[in-house]
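# Overview (structure and organization)
Here's the letter readout for the chains.
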Amino acid sequence: MRAVKAKKFLGQHFLTDLATARRIADTVDVRPDLPVLEVGPGMGVMTQYLVQKPRTLKVVEIDYESVDYLRHTYPDLEDSIIEDDFLKMHLENTFGGAPFVLTGNYPYNISSQIFFKMLDYRDLIPVCTGMIQKEMAERLVAKPGTKAYGILSVLIQAWYSVEYLFTVEPNVFNPPPKVRSAVVRLTRNDVGNLGCDHRLFRRVVKTTFNQRRKTLRNNLRPLLAELDAEAGVAGDHSAFLANPQFDLRSERLTVQQFVDLTNAVQQEVQAK
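Not measured: the values here are computed from a predicted model.

### Details of the overall build of the protein chain
The number of helices and strands found in the protein chain is ten helices and nine strands. Projected onto the principal axes, the alpha-carbon positions of the protein chain cover approximately 70 × 40 × 30 Å. Counting all 272 residues of the protein chain, 49% fall into the buried class. In the protein chain, of all internal contacts separated by at least 6 residues, the share reaching a separation of at least 24 is 72%. Entry remark: accessible area of the protein chain is about 13300 Å², with carbon and sulfur atoms responsible for 48%. Treating the 34 positive side-chain charges of the protein chain as one cloud and the 32 negative ones as another, the clouds have centres 7 Å apart.

Written as structure tokens, this is what we have:
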């Protein structure tokens, strides 16, 4: 069957190096007891190694050409090929509510969205592995005080331990991307409850990184006004914002400090 042509609008860059494909496929072996969901299999360069593992495998692909190719090349996978948009799927239905390992050669243009969806289903996804843009991988593992440290660093490290496994050069793709890639593995930590309102935590993190050159004080002021409006109150938060800790920028805070900040913001609004 004719090879699938990579589509730019889908962010497709097909991996061609078999040794690299096998290495990525083997990252799921950290949890051999769980089924696997592969996102964006394309022409199945990773799939060919995943199907050899003694476990249930499903693949989700949005590109109709790739779906046809997979059905022709891997007829045994016919009932396990999901023709759908991963970002719109209800993952609780994928394996009958059972947890699974998420993996794939993720399209660069939606990789951050994939991780946000993973966070929404964190209790179903104890392990997530795969290949992403190297810059994105560096953000996932970044520590406080570094330029790469940002929204995804905090939100993911709150719930997962992140490993940067290895770097992949552009020449093993067709077409070659303009950037280097990296393979990561995210393993769910033992945190069941952050100790704060989870939705507000995400909102505080996103808001304070929105303009990362500003201090926490300047980023928190409009957020407090929004929360007041939602609660139907009008509060003066000048005393709260006068705290010297708000002279810092968001990139200096650890995950735990963001938890503490979330609780402080909630208490401040509730007190009005």
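### A closer look at the nonpolar core
If you look at the biggest cluster of nonpolar residues, it comprises 56 residues, and the most contacted ones within it are Leu102, Phe115, Ile125, Phe201 and Phe258. Look past the residues within four positions of Leu102 in its chain and what remains in contact with it is Leu37, Val39, Phe86, Ile114, Ile125, Val127, Cys128 and Thr129. Ranked by size, the runner-up nonpolar core spans 27 residues in total, among them Tyr49, Val59, Val101 and Val183.

### Notes on helix H3 (residues 64–73)
Of the residues making up H3, those classed as buried are Ser66, Val67, Tyr69 and Leu70. End-on view of H3: buried residues confined to an arc of 165°, all on one side of the axis. Exposed and facing more than 90 degrees away from the buried side of H3 are Tyr64 and His72. Check the buried side of H3 and you find it contacts strand E1 (14–15), strand E3 (57–61) and strand E4 (81–83).

### Quick look at the pattern of salt bridges
Within the structure shown, the criterion is met by 16 salt bridges. Residue Arg71 is joined to Glu78 by a salt bridge in which the shortest nitrogen-to-oxygen separation is 3.6 Å. Owing to a relative accessible area of 37%, Glu78 belongs among the partly exposed residues under this scheme. The partner of Glu163 in a salt bridge is Arg185, and the shortest N-O contact between them spans 3.0 Å. With Glu163 in strand E7 (residues 160–168) and Arg185 in strand E9 (residues 181–188), this pair connects stretches of sequence that are 22 residues apart. For Arg185, a relative accessible area of 16% translates into the label buried. One network of salt bridges, with partners in common, ties together Asp26, Asp29, Lys53 and Arg55.

### Some details on the side chain of Arg185
Of the polar contacts made by the side chain of Arg185, one reaches the backbone oxygen of Thr27; its length is 3.3 Å. In contact with Arg185, not counting residues within four places along its chain, are Thr27, Val30, Val127, Cys128, Thr129, Ser161, Val162, Glu163 and Leu165.

### Here we look at helix H7 (residues 198–210)
With 13 residues, H7 extends 18 Å from end C-alpha to end C-alpha; this agrees with the ideal 18 Å at 1.5 Å per step. Within H7, the full set of buried residues consists of Leu200, Phe201, Val204, Val205, Thr208 and Phe209. Projection of H7 onto a plane perpendicular to its axis shows the buried side chains occupying an angular sector of 155°, all on one side. Away from its buried face by more than 90 degrees, H7 exposes Arg199 and Asn210. Tucked inside the fold, the buried residues of H7 contact helix H6 (151–159), helix H8 (216–231) and helix H10 (255–270).

### Some points on the sheet that holds E9
With mixed pairing, seven strands are arranged side by side in an open sheet as E4-E3-E2-E5-E6-E9-E7. Two strands in the sheet have a free side with no partner beyond their single neighbour: E4 and E7. Between one strand axis and the next, the sheet turns through 20° on average, direction left out of account. Two elements, E3 and E4, share three bridges in a ladder whose sense is parallel. Within the sheet, the bridge partner assigned to Val59 lies in E4 and is Ile81.

### Considering the environment of Ile62
Relative to the assigned elements, Ile62 resides in the loop between E3 and H3. A residue is classified by how much of its surface remains accessible, and Ile62, at 46% relative accessible area, is partly exposed. Here the alpha-carbon distance between Ile62 and Ile82, two residues 20 residues apart in the chain, equals 8.3 Å.

### Remarks on the environment of Leu165
Inspection of the secondary structure puts Leu165 in strand E7. Taking the C-alpha atoms as reference points, Leu165 and Leu220, separated by 55 residues in sequence, lie 36 Å from one another. Excluding anything up to four places from it in sequence, Leu165 contacts Thr27, Val183, Val184 and Arg185.

How each quantity is defined
- Residues numbered from 1 in each chain as written.
- Predicted model: local features only at pLDDT ≥ 70, side-chain atom pairs only at ≥ 80, totals over all residues.
- Heavy atoms only, no water.
- Helix = DSSP H or I, 4+ residues; strand = E, 2+ residues; numbered from the N terminus.
- Buried < 20%, exposed > 50% of the residue type's maximum accessible area, 1.4 Å probe, protein only.
- Contact = heavy atoms within 4.5 Å.
- Areas by Shrake-Rupley, 256 points an atom, 1.4 Å probe, with all protein chains shown as cover.
- Lys, Arg positive; Asp, Glu negative; His and termini not counted.
- Charge placed at Lys NZ, Arg CZ, Asp CG, Glu CD.
- Core = buried A, V, L, I, M, F, W, Y, C linked by side-chain atoms within 4.5 Å.
- Arc of directions from axis to C-beta.
- Salt bridge = Lys/Arg side-chain N within 4 Å of Asp/Glu carboxyl O.
- Polar contact = N/O pair within 3.5 Å; in protein donor to acceptor, adjacent residues only side chain to side chain.
- Expected span 1.5 Å × (residues − 1).
- Pairing = 2+ DSSP bridges.
- Axes fitted to C-alpha atoms, helices over the stretch in contact; angles between N-to-C directions.

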